[in-house]
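# Structural characterization, general
For reference, the chains in residue letters:
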Amino acid sequence: MTRRLWIAVALVAGLAFGGGLSAQQAPLKSDRGDQRIDEINLPPEVLRQEVPAGGFGRAYRQAPPLIPHRIDGYQITKDNNQCMSCHDWPQNARVGAPKVSETHYRDRDGNPIDRVAGTRWFCTSCHVPQLNARELVKNRFEDATQIR
Ligand code: HEC
Ligand code: HEC
């Protein structure tokens, strides 16, 4: 398609879309909720990260443990993983951090390797901190010890 044709298509599509919206009178939703402008709105909920001494219990035997400390200061980039400055052997002993699981030092064929596997590099795809946030959807989750 030529450039000119593209512009024509975009204009027609824009007209059709814009026309549809005004016909339906889509209601505007305010971030303030239903409060009138002269009412004082409630402060947003303050969420705190949970930092239980001794860590969180695991939901089931193979579960990746939850992170019991703040992590906003620790970067994980392609070349650098600050989690490993505390969690890798041997420096883990110095700071009293649990050593990264041995399962993280195996290549994709299961052979032991001396540095953390690429498949385990981005720790936070499995290990996450917890906030005291209200659940978005009610659920009746029970961990493996509760359903025995
Ligand atoms: C400054 C050192 C330090 C850094 C950096 C650090 N941790 Fe930790 N981590 C600890 C210590 C110490 C503990 C033991 C519990 C505690 O004292 O909070 C711990 C506990 C954990 C646990 C719980 C382990 C268990 O068996 O319950 C996980 C998971 C964890 N950290 C993941 C991470 C991840 C992921 C990062 C990077 C985003 C990270 N940590 C960065 C020191 C550190
Ligand atoms: C693909 C998911 C995954 C990734 C990525 C991952 N982990 Fe884990 N991790 C687990 C699971 C599952 C366990 C528990 C079972 C086991 O030991 O393998 C675990 C266990 C641990 C433990 C507890 C070890 C113990 O003996 O109690 C620590 C500490 C830990 N991981 C740190 C890390 C750090 C740091 C990173 C990033 C370098 C990381 N993990 C990346 C899934 C993952």
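This text follows the structure it describes.
Residues numbered from 1 in each chain as written. Chains lettered and ligands numbered in written order. Predicted model: local features only at pLDDT ≥ 70, side-chain atom pairs only at ≥ 80, totals over all residues. Heavy atoms only, no water.

### Here's the deal with the coordination of the iron atom of ligand 2
Binding of the iron atom of ligand 2 to the protein goes through His 104 (NE2) and His 127 (NE2), at separations of 2.0 Å. For the iron atom of ligand 2, the 6 donor atoms in the first shell make angles of 85 to 178° at the metal, a pattern classed as octahedral. Here His 127 lies in the segment after helix 3 (91-95) and His 104 lies in the segment after helix 3, a separation of 23 residues in the sequence. The same class applies to His 104 as to His 127, namely buried. (Donors = N, O, S within 2.8 Å, 3.2 Å for Na, K, Ca; no water. Tetrahedral: all angles 85-135°; square planar, octahedral: opposite > 155°, others 65-115°. Helix = DSSP H or I, 4+ residues; strand = E, 2+ residues; numbered from the N terminus. Buried < 20%, exposed > 50% of the residue type's maximum accessible area, 1.4 Å probe, protein only.)

### Some remarks on the nonpolar core
Residues Ile 76, Cys 83, Met 84, Val 100, Tyr 105, Val 116, Trp 121 and Cys 123 constitute the largest nonpolar core, which totals 8 residues. The contact partners of Cys 83, leaving out residues within four places of it in the chain, are Ile 76 and Cys 123. (Core = buried A, V, L, I, M, F, W, Y, C linked by side-chain atoms within 4.5 Å. Contact = heavy atoms within 4.5 Å.)

### Some details on the coordination of the iron atom of ligand 1
Around the iron atom of ligand 1, the protein supplies His 69 (NE2) and His 87 (NE2) as donor atoms, at distances of 1.9 to 2.0 Å. Relative to the metal, the 6 donor atoms surrounding the iron atom of ligand 1 lie at angles of 89 to 179°, and the coordination shape comes out octahedral. Of the two residues, His 69 sits in the loop between helix 1 (3-24) and helix 2 (84-87) while His 87 sits in helix 2, which places them 18 residues apart along the sequence.

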